[in-house]
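# Notes for the structure review
The primary structure of each chain is shown beneath.
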Amino acid sequence: MKKIGILTSGGDAPGMNAAVRAAVRCGIEKGMEVYGIKRGYEGLLDGEIVNMEWHSVGDILQRGGTILRTARSTRFMEDRWVEHGARMLNAFGIEGIIVVGGDGSFRGGLDLSEKGISVMGVPGTIDNDLAYTDYTIGFDTAVNTILGLITNIRDTSSSHERSTIMEVMGRNCGDLALYSGLSGGADVILVPEVECDINEICRKVLQGQATGKAHSLIVKAEGFKMDSNEMARTLEEMTGREARAVVPGYIQRGGSPTEKDRRLATVTAAKAVELLYNDSSSKAIGVSRGELIEMDLADALKVEPVFRSDLYELTNVLGKGR
Ligand code: ATP
């Protein structure tokens, strides 16, 4: 291929800029023209497509967010608009694009690939909810951001002998809660993948209190069924100890990407360019056991998630109090 495009879509994730930088520079290095498509699929439909140069991606490697901007596009969920997107790319002579985003963005990409565009999926989401790859771009940074917040909250909640419920992002995937909870020393982790009722949560908190714990830390995924503030109220009633819900929200999305996220973004985007250069059909790129992998885009979306119950059980053991 001679002309390729790149867009970022869905929720922004730290490391997306590193992917854009690598795609642009690797493409230029191979003699291709690389186009930046602004505001995800929305920008594609509106023809917001600009030629990128080597220097247009300078000084962005360390920045969170995405210089291409991102969007959620309801129009792109309709076949006639996907068709329109393909026609737009044809008008620019763009034969293949790189989509940096999560599962929704990949599904949009798959629809586009059915209109004759080669689509390379680069996993960019803090949620880590693409099961074909071990990690997604932005996850490591977000986990470390949450860890910092947990460290801060521990100081105040132990001083006041409080229970804290920290609600973290992740949509229907519990990985952000699981990894930050494990490494942040949570007493209880609540994720959509594992059932746990309020009585069980209270039992665990009371068990800790009985052994002399100064505070309790509950890390709860946003996808876990219970409301955090309601849980805090019930917990307070049932344990007799003050309880607070903390919801950091979009703070979890921002910040300079970690080395791990920059590297993942750089190598997956570089691979995507190589595949387009070789006229490959649509693929998803990721990592498995430390190795770079590629898989047919449609197959990648069919991979079932495997929850790390070993990490969950380990947290239960370490947090229970004795
Ligand atoms: P994140 O989970 O980090 O927010 P995401 O890529 O999953 O990232 P979504 O909002 O689900 O974010 O998807 C981004 C865009 O992809 C949507 O706004 C829509 O334009 C397109 N998209 C999502 N799902 C589909 C689908 N099933 N078919 C076609 N296009 C889709």
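Conventions we followed
- Residues numbered from 1 in each chain as written.
- Predicted model: local features only at pLDDT ≥ 70, side-chain atom pairs only at ≥ 80, totals over all residues.
- Heavy atoms only, no water.
- Domains from an automatic or database assignment.
- Contact = heavy atoms within 4.5 Å.
- Buried area = accessible area lost by both parts, 1.4 Å probe.
- Salt bridge = Lys/Arg side-chain N within 4 Å of Asp/Glu carboxyl O.
- Polar contact = N/O pair within 3.5 Å; in protein donor to acceptor, adjacent residues only side chain to side chain.
- Pairing = 2+ DSSP bridges.
- Helix = DSSP H or I, 4+ residues; strand = E, 2+ residues; numbered from the N terminus.
- Axes fitted to C-alpha atoms, helices over the stretch in contact; angles between N-to-C directions.

### A closer look at the domain arrangement of the protein
According to the domain assignment, the protein contains domain 1 (3–138 + 257–300) and domain 2 (140–253). Tallying the contact residues gives 14 residues for domain 1 and 13 residues for domain 2. Surface buried jointly by domain 1 and domain 2 totals about 1,200 Å² across both partners, of which 48% is contributed by carbon and sulfur atoms. Its largest share of buried area at the contact with domain 2, domain 1 owes to Ile126, Asp127 and Thr258, together 40% of the area lost on that side. One salt bridge in this structure joins Arg253 and Asp12, with 3.6 Å as the shortest N-O distance. One can count nine residue pairs in polar contact (both at pLDDT 80 or more) joining domain 1 with domain 2.

### Things to note about the sheet that holds strand β10 (residues 283–288)
If you trace the seven strands from one edge of the open sheet to the other, you get β3-β2-β1-β4-β5-β10-β11, paired in mixed fashion. Single-partner strands in this sheet number two, and they are β3 (49–51) and β11 (291–296). Averaged over all pairs of adjacent strands, the angle between strand axes in this sheet comes to 25°, irrespective of strand direction. When β10 meets β11, the two strands line up antiparallel, connected through six bridges. Opposite Gly286, over in β11, you have Ile293 as the bridge partner.

### As for the sheet that holds strand β8 (residues 216–221)
With parallel pairing, the four strands of this open sheet are ordered in space as β7-β8-β6-β9. Whereas interior strands pair on both sides, the edge strands pair on one side only; in this sheet they are β7 (188–190) and β9 (243–246). Between one strand axis and the next, the sheet turns through 15° on average, direction left out of account. Across three bridges, the pairing between β7 and β8 is parallel. Looking at the pairing, Ile189 lines up with Val219 of β8. Lying over the sheet, helix α5 (residues 139–159) contacts β6 (163–168), β8 and β9, oriented at roughly 165° with respect to β6. Across the sheet, helix α7 (residues 198–210) touches β6, β7 and β8, and the angle it forms with β8 is around 150°.

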